[in-house]
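# Fold and geometry: a report
Residues per chain are reported as follows:
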Amino acid sequence: QLDTINAVIPSLIKQAGAAGAPGAPGAKGNRGVAGPAGITGIKGIQGPPGKSADINDCPAGAKGDQGPPGYPGEPGESIQLNPYIVAFHSQRTEYPKCLDGMTELWRGYSFMFIDAFDFAAGQSLSEPGSCWKDFYVNNMMMCTDDSCTNSNSRYSFWLATAVPEGQTPTDYYPESTSALTDRETVLNYISRCTVCISDYKIMALHSFSKDKPDNKLQAASRYGWAKLYEGYSFAYQVGSGVGWGTQLSRHSSCLQHFSPIMAAQTNGAEVRWISPNFHATWVLDYSDLSEDDMWESTDYDVTSGADRQAFIQNRLGKCYVIKRNANDRFRYYSDN
């Protein structure tokens with residue numbers, strides 16, 4: 001049997017054939033499970049700058065809906081588009097200071113008016129034109145079609161320093177003095193002034209009596225007016241036959257110092273303060289005068305300090321200078 005088996009086995013063992021052709025691709029297998037996350041990569045190098053963008057190159061978006069009302073804003077700052085330019089006169093050799101809320105523009109000497117051939121031309125003491133940066137005599141020229149001439153027949157009047165309390169005018173003022181040879185003496189008796197720019201209006205309030213205008217101030221305060229300072233009611237200055245004054249509504253009609261002598265006259269180089277032709281006009285309280293006294297000339301002695309003080313207290317009109325705050329807004333009503 002063994003022999004038989006050995007004879008059969010070789011016939012059963014076949015030799016391997018040549019490799020066959022590749023088979024067709026198999027079907028896609030199922031996705032495997034996700035692998036673990038890899039480690040974070042290192043930061044790359046910075047790239048080159050990009051091209052600049054222009055907002056005008058971008059198309060406009062659709063108009064959005066109106067937003068809700070905002071919260072009320074803070075009160076705005078008041079702006080005065082038309083400021084007031086005013087002049088102040090000290091009636092002293094010291095320069096007056098601008099009031100609170102004002103800004104100084106320049107300083108100078110207090111000019112009143114000129115008298116040429118009995119014709120007066122001047123400046124209200126409230127206006128900046130009444131404050132000249134320099135004092136000089138013979139300051140005007142008369143011009144015709146072919147020439148201009150400065151002449152000694154032209155007078156200029158300047159606001160004088162006020163007579164101090166306790167002194168008489170003749171004791172205080174010098175005699176006629178040359179501005180060419182003794183200019184410093186002359187300037188010691190010429191009032192100084194300051195021009196200021198203000199964002200609020202100022203005006204004078206007169207009592208037309210010896211009493212202060214407190215009742216009028218109380219009424220004005222309801223409309224935003226407040227007191228700045230008090231003084232005496234001045235109206236007019238007469239020189240050599242002609243004169244110049246100021247409106248009683250202007251603050252320069254309320255001067256802080258009363259003086260019997262108000263002006264210094266220049267004639268050529270000469271300056272003088274005392275003359276029978278010079279008259280200062282002040283508002284008088286006539287409430288205590290009798291009917292006969294109103295039509296008769298009454299002299300009040302103001303040469304001595306005591307007599308002058310009595311005149312100020314019992315006869316001279318009193319006034320306030322008041323201001324209107326630029327931030328206040330009021331409506332005025334009338335029955336007319």
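Relevant structure appears above.
Since this is a predicted model, take the numbers as computed values, not measurements.

### Digging into the environment of Leu180
- Relative to the assigned elements, Leu180 resides in the loop between β8 (177–178) and α3 (183–187).
- A relative accessible area of 71% places Leu180 in the exposed class.
- Once the C-alpha coordinates of Leu180 and Ala269 are considered, the two residues, 89 residues apart in sequence, prove to be 6.2 Å apart.

### What to know about the state of the cysteines
- Scanning all chains against the criterion turns up four disulfides.
- Between the sulfur atoms of Cys254 and its disulfide mate Cys319 the distance is 2.1 Å. Linking Cys254 and Cys319, the disulfide has an S-S dihedral of approximately 95° and is accordingly described as right-handed. With Cys254 in strand β13 (residues 254–255) and Cys319 in strand β17 (residues 318–324), the pair connects residues that are 65 residues apart, well separated along the chain. The residues Cys254 and Cys319 share a single accessibility class, namely buried.

### Structural notes on the packing of aromatic side chains
- Counted under the stated rule, the structure contains 17 aromatic pairs.
- When the ring of Phe111 is compared with that of Trp132, the centres are 4.2 Å apart and the planes differ by 25°; the resulting orientation is stacked. Of this pair, Phe111 sits in strand β2 (residues 102–116) while Trp132 sits in strand β4 (residues 131–132), placing them 21 residues apart in sequence.
- Residue Phe111 is classed as buried on the basis of its relative accessible area, which comes to 3%.
- Ring-pair connections join several aromatic residues into one group, and the members of that group are Tyr109, Phe111, Trp132, Phe135, Tyr136 and Trp158.
- Over the ring of Tyr200 we find Lys323; its NZ or CZ atom is 4.7 Å from the centre of that ring.

### Examining unusual backbone geometry
- With phi around 55°, Gln91 is a residue other than glycine that occupies positive phi space.
- Note that Gln91 resides in the loop between β1 (84–89) and β2.
- Of note, the phi angle at Phe208 is positive, near 55°, even though the residue is not glycine.
- Relative to the helices and strands, Phe208 resides in the loop between β10 (201–206) and α4 (214–221).

### Observations concerning the pattern of salt bridges
- One pass over the structure, following the stated rule, counts five salt bridges.
- For Arg107, the salt bridge identified is with Glu104, shortest N-O distance 3.2 Å.
- Given the relative accessible area of 42%, Arg107 is considered partly exposed.
- Across the pair Glu127 and Arg250 runs a salt bridge whose closest N-O atoms are separated by 2.8 Å. Of the two residues, Glu127 sits in the loop between β3 (119–122) and β4 while Arg250 sits in the loop between β12 (243–245) and β13, which places them 123 residues apart along the sequence.
- Assessed through its relative accessible area of 26%, Arg250 is described here as partly exposed.
- Linked through salt bridges whose partners overlap, the residues forming this network are Lys212, Lys227 and Glu230.

Rules and cut-offs
Residues numbered from 1 in each chain as written. Predicted model: local features only at pLDDT ≥ 70, side-chain atom pairs only at ≥ 80, totals over all residues. Heavy atoms only, no water. Helix = DSSP H or I, 4+ residues; strand = E, 2+ residues; numbered from the N terminus. Buried < 20%, exposed > 50% of the residue type's maximum accessible area, 1.4 Å probe, protein only. Disulfide = S-S within 2.5 Å. Phe/Tyr/Trp six-rings, centres within 6.5 Å; stacked < 30°, edge-to-face > 60°. Lys NZ or Arg CZ within 6 Å of the ring centre and 35° of its normal. Salt bridge = Lys/Arg side-chain N within 4 Å of Asp/Glu carboxyl O.

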